[in-house]
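# Descriptive analysis of the structure
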Amino acid sequence: MLNNAVRSKEITSKSYRLLNPGDIEEVMLKHELKPGFVNIQPLMASVCHADDRYFAGKRRPEALAKKLPMALLHEGIGTIKETMSDKFQKGQRVVIVPNVPGYMLRGEKKKDTIPDNYSVDSVFLSSGYDGIAQSDLVQPDRAVVPLPDNIPDEIAILTEVSTVGYHATSHVADALAKPDCRVALFGDGPVGYMAAAVLHYIRGIDKEHLTVFGAVPDRLNEFDFANKELVTEYDFDHAGEQFDVIFEATGGNFSSSAINEGIKVIKRTGKFVLMGVSEDLVPIDTRDILEKGLTFYGTSRSTTPDFEEVVKAMSQSQAYQDTLRKLLPQKETIIRSASDLNKAFEAIVASKAWYKAVLKFEW
């Protein structure tokens, strides 16, 4: 049992903070470790496209002014360095949940029914709140999930993006559970790949009932657990209404075409889940949305229960792990300093690789 007389402890963390686009510097941060919280030493992280855009200065100026300075990265794992929680032990390996609602930070109980990832007072690591690129990350124990021994580090770091896909599927779980539900997903990037893997390995959508639409043949060929269609060759105007549920995981400039092409091939009263993020307004065919009686769902990020479900699925399925392994590079990049991280991001921004960039910290 924890000693209740111990109220809190100040933690000094060596962070690699993005001060301005292209400029990562070492900065010492102070955190408060208090009852119900744990201090995590990050071990390994994968890099989100959002981190790339912050580093490259490809966010709107007002967004950069609001978010910076901050430590980047939110997809990662670590070990418990110190604990003021009965739930975790020193040395335990864990996956970090980047979405932390205000009630957890305040040490309170949840008082509303709004999911944590849509809470107005949530913080999110590496989005205006210091992320994983630091030696000591203090988190509420409710925003940390233990990792079984049979999930290797390099697979475990893919948990966060997989949970985004899992949470997206939760909006339409009842529809996905129906016999002969036909599902399509637009997007052949890592987010689309991991969401499609969730549909297949966790939601049980077999290859016959799962179609992925993509734009790059080499990327699309990696989806060997789904039917594959190139958007540049597919005749959406004459294909007919085939799908009960559609997921859009393209984002950016491709969101509009993916959504409108999906509207053409979705069945009447179908369900459409929007996952892709765009900086600009996206024009869509509202006439056919109304005529078909379609239901659209917006989805963003994920919660601790989503992490628990994905970790369980990874632990129970070697085939799922093998599928995710395709996203890993031949080797990880070792990070020993702010300069190392700066160079790593310069290379990542310049690269057009499909696989995820993987960073391994040596503090």
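About the cut-offs
Residues numbered from 1 in each chain as written. Predicted model: local features only at pLDDT ≥ 70, side-chain atom pairs only at ≥ 80, totals over all residues. Heavy atoms only, no water. Helix = DSSP H or I, 4+ residues; strand = E, 2+ residues; numbered from the N terminus. Rg over C-alpha atoms; globule rule 2.2 N^0.38 Å. Contact = heavy atoms within 4.5 Å. Areas by Shrake-Rupley, 256 points an atom, 1.4 Å probe, with all protein chains shown as cover. Lys, Arg positive; Asp, Glu negative; His and termini not counted. Charge placed at Lys NZ, Arg CZ, Asp CG, Glu CD. Pairing = 2+ DSSP bridges. Axes fitted to C-alpha atoms, helices over the stretch in contact; angles between N-to-C directions. Buried < 20%, exposed > 50% of the residue type's maximum accessible area, 1.4 Å probe, protein only. Core = buried A, V, L, I, M, F, W, Y, C linked by side-chain atoms within 4.5 Å. Phe/Tyr/Trp six-rings, centres within 6.5 Å; stacked < 30°, edge-to-face > 60°. UniProt positions renumbered as here; feature names shortened; annotations may be inferred.

### Some thoughts on the overall build of the protein chain
Summing up its helical and strand segments, the protein chain has 13 helices and 18 strands in all. Radius of gyration (C-alpha) of the protein chain: 21 Å, near the 21 Å computed for a compact globule of 363 residues. Along the longest, intermediate and shortest principal axes, the C-alpha atoms of the protein chain span 70 × 40 × 40 Å. Sequence-distant contacts in the protein chain: of pairs separated by 6 or more residues, those separated by 24 or more amount to 76%. Of the roughly 16700 Å² that the protein chain leaves accessible, carbon and sulfur atoms contribute 49%. Charge-centre separation for the protein chain: the mean point of 43 positive side chains lies 4 Å from the mean point of 51 negative side chains.

### Things to note about the sheet that holds strand β11 (residues 183-186)
On the basis of which strands lie adjacent, the open sheet formed by 6 strands has the order β13-β12-β11-β14-β15-β16 and parallel pairing. Edge positions in the sheet fall to β13 (227-230) and β16 (295-298), since each of these pairs with one other strand and no more. The sheet shows a mean angle of 20° between the axes of neighbouring strands, direction not considered. Alignment of strand β14 (residues 243-248) against strand β15 (residues 266-274), held across 5 bridges, turns out to be parallel. The residue of β15 that forms the bridge with I246 is F272. Against the sheet, helix α7 (residues 190-201) touches β11, β12 (210-214) and β14, its axis set at about 165° to β11.

### Looking at the pairing of strand β9 (residues 137-140)
Side chains L137 and Q139 project from β9 onto one buried face, and the interleaved V138 and P140 project onto a second face that is buried too. In the sheet, strand β3 (residues 37-46) pairs with β9 via 4 bridges, with the strands oriented antiparallel. Note that in β9 the partner of N39 across the bridge is V138.

### Regarding the nonpolar core
Ranked by internal contacts, the top residues of the largest apolar core, which has 56 residues, are L176, V183 and F247. No other element matches α7, which puts 7 residues into this core. Setting aside its immediate chain neighbours within four residues, L176 contacts T169, C181, V183, L199, R203, I205, V245 and F247. Core analysis: the second largest hydrophobic core is formed by 33 residues, A45, L125, I335 and A357 among them.

### Quick look at the packing of aromatic side chains
Evaluated as defined, the whole model comprises 16 aromatic pairs. Where F55 meets F345, the ring centres are 5.2 Å apart and the plane angle is 25°; that geometry is what we call stacked. Taken together, the positions of F55 in helix α1 (residues 49-56) and F345 in helix α13 (residues 338-350) put the pair 290 residues apart, joining distant regions of the chain. Each of the two residues, F55 as well as F345, counts as buried. For the pair Y193 and W354, a centre-to-centre distance of 5.1 Å together with 85° between the ring planes defines the contact as edge-to-face. In this pair, Y193 is assigned in helix α7 and W354 in the loop between α13 and β18 (358-361), connecting sequence segments 161 residues apart. Given a relative accessible area of 0%, Y193 falls into the buried group. Here W354 falls in the buried class, since its relative accessible area comes to 12%. An aromatic cluster of at least three residues, connected via ring pairs, comprises Y193, Y201, F223, F225, Y320 and W354.

### Some points on α1
Among the residues making up α1, those that are buried are D51, D52, R53, Y54 and F55. On its buried face, α1 is in contact with β1 (9-20), β2 (23-33), α2 (61-67), β4 (70-71) and α13. At the exit of α1 stands G57, carrying a positive phi of roughly 70°.

### Quick word on the UniProt feature "domain: Alcohol dehydrogenase-like N-terminal" (unreviewed entry) in the protein chain
UniProt tags residues 35-149 as "domain: Alcohol dehydrogenase-like N-terminal" (unreviewed entry). Along residues 35-149 the backbone is 17% helical and 31% strand, and the end-to-end C-alpha distance reaches 27 Å.

### Quick word on the side chain of K292
Relative to the elements of secondary structure, K292 occurs in helix α10 (residues 286-292). In this structure, K292 is in contact with E241, I263, K264, V265, I266, R268 and T269, ignoring residues within four places of it in sequence.

### What about the sheet that holds β2?
One key point about sheets: their strands pair by backbone hydrogen bonds, in either a parallel or an antiparallel sense. Taking strand neighbours across the sheet as the criterion, the 3 strands line up as β2-β1-β4 in an open arrangement whose pairing is antiparallel. Each having just a single partner strand, β2 and β4 make up the two edges of the open sheet. With 2 bridges connecting them, β1 and β4 associate as antiparallel partners. Looking at β4, one finds that L18 is bridged to M70. Here α13 sits on the sheet in contact with β1 and β2, set at roughly 120° to β2.

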